[in-house]
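Residue-level structural notes
Now for the letters of each chain:
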Amino acid sequence: MRISELVEQKPYSVSFEVFPPKTQDTVESVTTAARKIADLDPVFMSVTYGAGGGTSDYTVAVAKDLQDNKGIPMMAHLTCITSDRARIRDQLQKLQDAGIRNILALRGDIPEGFEPTELHYRHAIELVKEIKAFDDSFCVAGACYPEAHPEAATEAEDIARLKEKVDAGLDFLVTQMFFDNAVFYSYMYRLREAGIQVPVHPGIMPIVNAAQVKRTLKLSGSQLPQRFRRIIDTFGNDPAAMRQAGIAYATDQIIDLFANGFRTVHVYSMNNPTVAAAIMDNLRDIIK
Ligand code: FAD
């Protein structure tokens, strides 16, 4: 169930990202939401790991539940910036024991005031190497940024670092969310020009309420095109209308990506089965 091979077998496909519970109290609600999203039969699902570079004890459990009980191939996110080698190896062992074969290898965001020491990993490339050394048969993905990573000095520098990360053994890349496909297409030219040939899964975030906008853009560093700003200006105060418009905008992005040769997209579902279902419904005659 290597995701890199699985997506090749489908003409068009959608995968969904979910986040794990933060506390025991939310295990049931998160599990229920994630299972509803799994019922939409995405090509695979991914489960995030911690936030702000932190760790998560629930990622493996959620991934295992969906893989075992819903038959969905799973990818577990793993961040390294706040972990030492023992913790990473322990997580890898847990993933191996749970039968999770796909990992999104990430550095994680650097928590405020945090100083990496000798013990810690500094960049995702070091985690990629660690995973490969642990078990070369894991399918390993990495993150990339069509609008450049916020810490990168230049776009060229960011792509040069990405090339090194890919060459360390990545099977495919998943992008940060973007809202303007033209930005992504131009990024793809630059990746190919730099010799990065692995498949790239575009990341799409449906924006379904105005409050989500500020938070999302701050976290991702992505820009909103004028076309989408007008939608928010017009419908932002009407929750039902904004939701419909946001789903339509994300669907439009996905169809345009499919029409331009990208046959799989990764949708940031925000654990919202209603939004995920609406997107799948809009694509029902395309993803058969
Ligand atoms: P890296 O690839 O290490 O890159 C980070 C920065 O360092 C870039 O500016 C890069 O150009 C630079 N760089 C890379 N290598 C070197 C080097 N050798 N020398 C100097 N500079 C270098 N965060 C979470 O906490 N949990 C999640 O589950 C999660 N999931 C994500 C999923 C996706 C699809 C994406 C796009 C991001 C996700 N993030 C998650 C956020 C991610 O952890 C942050 O964006 C983080 O700041 C960078 O992670 P990275 O793996 O891209 O880092």
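Residues numbered from 1 in each chain as written. Predicted model: local features only at pLDDT ≥ 70, side-chain atom pairs only at ≥ 80, totals over all residues. Heavy atoms only, no water.

Here the focus is the site of the ligand. With respect to spatial proximity, 25 residues lie near the ligand, and among them Asp109, Tyr145, His149, Asp158 and Lys165 are the closest. Within the side chain of Lys165, an N or O atom sits 2.8 Å from an oxygen atom of the ligand. Put simply, the parts of the chain that give the shell around the ligand at least two residues each are strand 3 (74-79), strand 4 (102-106), helix 6 (155-167) and strand 6 (172-177). Tallied by class, the residues present in the shell around the ligand amount to nine nonpolar, ten polar and six charged. (Near = heavy atom within 4 Å. Polar contact = N/O pair within 3.5 Å; in protein donor to acceptor, adjacent residues only side chain to side chain. Helix = DSSP H or I, 4+ residues; strand = E, 2+ residues; numbered from the N terminus. Nonpolar A, V, L, I, M, F, W, Y, C, P; charged D, E, K, R; others polar.)

Trans peptide bonds make up most of the peptide bonds, and negative phi angles are found at most residues other than glycine. With a phi close to 60 degrees, Asp41 is a non-glycine residue in the positive phi region. Within the secondary structure layout, Asp41 lies in the loop between helix 2 (27-38) and strand 2 (45-47). Taking relative accessible area as the criterion, Asp41 reaches 60% and is therefore assigned exposed. With phi around 60 degrees, Asn271 is a residue other than glycine that occupies positive phi space. Mapping Asn271 onto the fold places it in the loop between strand 8 (264-268) and helix 11 (273-282). (Buried < 20%, exposed > 50% of the residue type's maximum accessible area, 1.4 Å probe, protein only.)

Moving on, we get to the environment of Lys165. Structurally, Lys165 is set in helix 6. Between the C-alpha atoms of Lys165 and Arg89, which are 76 residues apart in sequence, the distance is 20 Å. The contacts of Lys165, once residues within four sequence positions are left out, are Ala124, Ile125, Val128, Ala143 and Leu170. (Contact = heavy atoms within 4.5 Å.)

Look at Asn271 and you get buried, because its relative accessible area is 11%. Of the polar contacts made by the side chain of Asn271, one reaches the backbone nitrogen of Phe19; its length is 2.8 Å. The residues contacting Asn271, other than those within four sequence positions of it, are Val18, Phe19, Val30, Ala33 and Ile37.

What follows concerns helix 8 (residues 210-220). Within helix 8, burial applies to Gln212, Val213, Thr216, Leu217 and Ser220. The arc that holds the buried residues of helix 8, viewed along the axis, is 120 degrees, so those residues lie on one side. Exposed residues on helix 8 whose side chains face more than 90 degrees from its buried face are Ala211, Lys214, Lys218 and Leu219. Buried residues belonging to helix 8 abut strand 6 and helix 9 (226-235). Note on helix 8: the residue one or two positions beyond its end, Gly221, has a positive phi of about 75 degrees. (Arc of directions from axis to C-beta.)

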